[in-house]
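# Topology and contacts: notes
Okay, here's what each chain looks like letter by letter:
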Amino acid sequence: MDSTQQVITRFAPSPTGNLHIGGARTALFNWLFSKNKKGKFLLRIEDTDIQRSKDEYYDQIVSTLKWLEIYWDEEPYIQSKNIESHVNVANTLLKNGHAYKCYCTEKELEEEKKLYLKKKIPYTYSKKCRDLIEPIGDKPFVIRFKSKIEGKTILKDLVQGDVEINNRTIEDFVILRKDNKPTYNLSAAVDDYQMKISHVIRGDDHKINAFKQIQIFESMKWKIPEYAHIPLIHSREGKKLSKRDDASTVEDYKKIGILPEALRNYLLRLGWSYKDKEIFSENESIEFFNLKNIGKSPSKLDFDRIKSMNEFYIKSTEDESLLKKLVYYAELYKEKIPKQFHETIKINLSFLKNKSKSLEDIYNNSKYIFSYELKEEQIQKIDKSKLNIIKNIYSLVKKENNISKDYLKNIFDKIIETEKINFKDLGQPLRIILTGSEYGPAIYDIANSLGLEEFVNRLELFITKIDKKNFMSDKCFIEIDGKKYELPVKKGTIGPSVVDVRDFYKNTGHFTFDPGFTSTASCQSNICFIDGDKGTLLYRGYEIEQLSEKSSFLEVAYLLIKGELPTKDQFNEFSSAIKNHTMVHEQIRSFYNGFRRGS
């Protein structure tokens with residue numbers, strides 16, 4: 001390269017999908033190389049594939065590069081706006097004898113391919129139209145470049161070293177289609193020349209294209225840029241990473257809360273090294289980057305390493321800046337964090353970000369602050385035996401108006417000693433009550449972040465819920481005429497928890513449906529209870545009213561007496577016995593008809 005020539009690199013993505021992680025690394029390497037050489041970095045959008053190119057992907061590429069803080073010089077170069085120049089170059093090559101018109105039909109080309117396949121040799125165009133002298137009427141044609149057929153070409157690659165190829169292996173490739181649209185290799189070569197690109201740095205899957213583009217440059221007598229082909233990124237399994245793989249695009253990493261500086265640092269080290277240094281500031285990246293330290297072998301994507309790098313940057317980021325990133329991330333991918341909670345989160349970031357490997361982790365850790373909900377399924381995970389302990393903590397905290405770490409620790413230590421339990425036995429239910437989740441920060445940190453009022457409110461909410469619904473106790477109490485009675489609570493096969501009133505009737509005479517039928521009905525069933533919420537009789541979670549609508553009175557009578565609905569044989573036997581005792585039969589019928597099903 002001429003030492004006086006300015007270094008100009010380019011990143012040339014196609015707007016046919018979200019920016020690939022390999023494309024992001026290519027952009028980074030181009031940007032760093034140009035900045036290291038005090039040159040220019042240009043962005044070129046290769047949008048000539050009209051069917052697949054979309055504006056939304058163009059916008060996504062631009063916004064992603066900005067998110068990575070990879071900024072280009074000058075306005076983005078839009079390839080489709082330069083098609084006329086590409087076509088003119090194709091016609092110039094045709095005129096100068098470096099290209100020719102090919103009239104072969106798709107059917108003829110398919111026949112050629114079948115022949116090559118039969119001979120088990122790689123297909124290249126047969127060049128049958130290469131030496132035609134006269135045009136074939138109005139027959140449609142493509143323009144093919146007249147590739148060299150003798151000798152060898154050596155590509156002096158700045159990463160791969162000298163790469164040699166036999167010229168006969170390069171086919172006469174199409175540069176202009178039948179619809180007068182240029183192909184990739186022609187457009188890329190023309191654009192690189194017109195943009196004065198000095199170094200083409202790209203993935204090594206483009207090596208064969210370099211040989212084709214060099215021939216175009218030579219035929220047009222243009223100065224050939226230098227080429228550097230970077231090994232591709234492979235998956236952990238060692239396969240080429242494709243857009244169909246998980247976590248293959250930059251957007252995949254943004255969604256889980258990877259910081260741009262962390263991803264950029266990781267991509268820098270993915271295939272490039274400088275001594276044993278791992279962490280690079282932006283200035284260090286520019287100062288130390290060079291092409292000679294890029295490895296020649298593919299690099300494997302290591303997601304654990306990305307998260308580890310991200311954890312480092314999370315811890316290193318100032319709280320004010322980290323809060324802004326968290327708020328922006330939540331607004332894009334999660335639930336928006338209300339502004340009134342921003343300061344609380346910032347003050348407590350020291351522990352909220354502890355062990356967090358992503359913004360998503362911080363978001364989940366802090367969600368209890370701004371989006372609290374105590375769901376029944378979480379309440380059910382709390383050991384019933386801890387209810388009185390929770391109530392005790394609530395009473396002490398409310399009495400002393402104190403949730404300092406020292407005070408809480410003193411309370412907890414006494415409870416642990418008295419109840420002979422571990423801190424986990426105490427901490428787990430408290431964490432669920434205070435955050436609505438089994439997972440989260442330490443109890444002392446949670447208490448400090450909530451403040452006294454909210455801490456008390458959440459304990460109170462929990463206690464109110466369990467007192468109202470008896471979620472947590474296998475006992476309940478009822479007071480009649482100034483006397484308190486204890487009743488067992490049972491969970492039905494389906495439906496809500498229920499209060500067992502059978503013994504209560506025997507002891508007090510309360511809660512029966514018809515005292516005249518006590519011996520044969522309401523107190524004999526083993527599975528009939530009162531729904532504690534509605535005050536209705538249940539059978540395995542079903543209301544008797546629902547059963548009575550679908551059953552005969554004898555079936556319900558059997559249920560009340562035996563505690564089970566009868567089988568066919570049991571019903572026939574019961575029916576026969578009852579009908580042979582007319583008085584009993586009539587009493588049961590009368591009971592059934594007068595049964596207050598909603599009582």
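Below or above, wherever it landed, is the structure these notes cover. Note that the structure is a prediction, hence the values are computed from the model and not measured.

## What about helix H2 (residues 55-67)?
An ideal rise of 1.5 Å per residue puts 18 Å on 13 residues; H2 measures up with 18 Å between its terminal C-alpha atoms. The elements touched by buried residues of H2 are strand S1 (8-11), helix H1 (21-36), strand S2 (40-45), helix H7 (250-255) and helix H8 (260-269).

## Digging into the state of the cysteines
Under the counting rule described, the total for this entry stands at zero disulfides. The thiol sulfur of Cys 102 is not disulfide-bonded, and the nearest other cysteine sulfur, from Cys 104, lies at 3.8 Å. The thiol sulfur of Cys 129 is not disulfide-bonded, and the nearest other cysteine sulfur, from Cys 104, lies at 3.7 Å. Judged by its relative accessible area of 6%, Cys 129 falls in the buried class.

## A word on the packing of helix H16 (residues 387-400) against helix H18 (residues 423-435)
Relative orientation and spacing of two packed helices are given, respectively, by the angle between their axes and the distance between those axes. Where H16 meets H18, the axes come as close as 11 Å, and the angle between the chain directions of the two elements is 70°. The orientation of H16 with respect to H18, classified from their angle, is roughly perpendicular. H16 and H18 meet at a crossing whose hand is right-handed. Between H16 and H18, the residues in contact are Ile 389, Ile 390 and Ile 393 and Leu 426, Pro 429, Leu 430 and Ile 433, respectively.

## Looking at the sheet that holds strand S8 (residues 174-176)
Spatially, S4-S5-S8 is the arrangement adopted by the three strands of the open sheet, whose pairing is antiparallel. In this open sheet, the two edge strands, each paired with only one partner strand, are strand S4 (99-102) and S8. Taking each pair of neighbouring strands and ignoring which way they run, the sheet shows an average axis angle of 45°. Examined bridge by bridge, S4 and strand S5 (residues 142-145) share four bridges and lie antiparallel to one another.

## A look at the side chain of Gln 213
With respect to the secondary-structure elements, Gln 213 resides in helix H6 (residues 207-219). Owing to a relative accessible area of 0%, Gln 213 belongs among the buried residues under this scheme. Non-local contacts of Gln 213, meaning those with residues more than four positions away in its chain, are made with Tyr 184, Asn 185, Ala 188, Ala 189, Asp 192, Arg 202 and Tyr 227.

So, how was this worked out
- Residues numbered from 1 in each chain as written.
- Predicted model: local features only at pLDDT ≥ 70, side-chain atom pairs only at ≥ 80, totals over all residues.
- Heavy atoms only, no water.
- Helix = DSSP H or I, 4+ residues; strand = E, 2+ residues; numbered from the N terminus.
- Expected span 1.5 Å × (residues − 1).
- Contact = heavy atoms within 4.5 Å.
- Disulfide = S-S within 2.5 Å.
- Buried < 20%, exposed > 50% of the residue type's maximum accessible area, 1.4 Å probe, protein only.
- Axes fitted to C-alpha atoms, helices over the stretch in contact; angles between N-to-C directions.
- Parallel < 35°, antiparallel > 145°, perpendicular 65-115°, else oblique.
- Left-handed = near helix turned anticlockwise from the far one by under 90°.
- Pairing = 2+ DSSP bridges.

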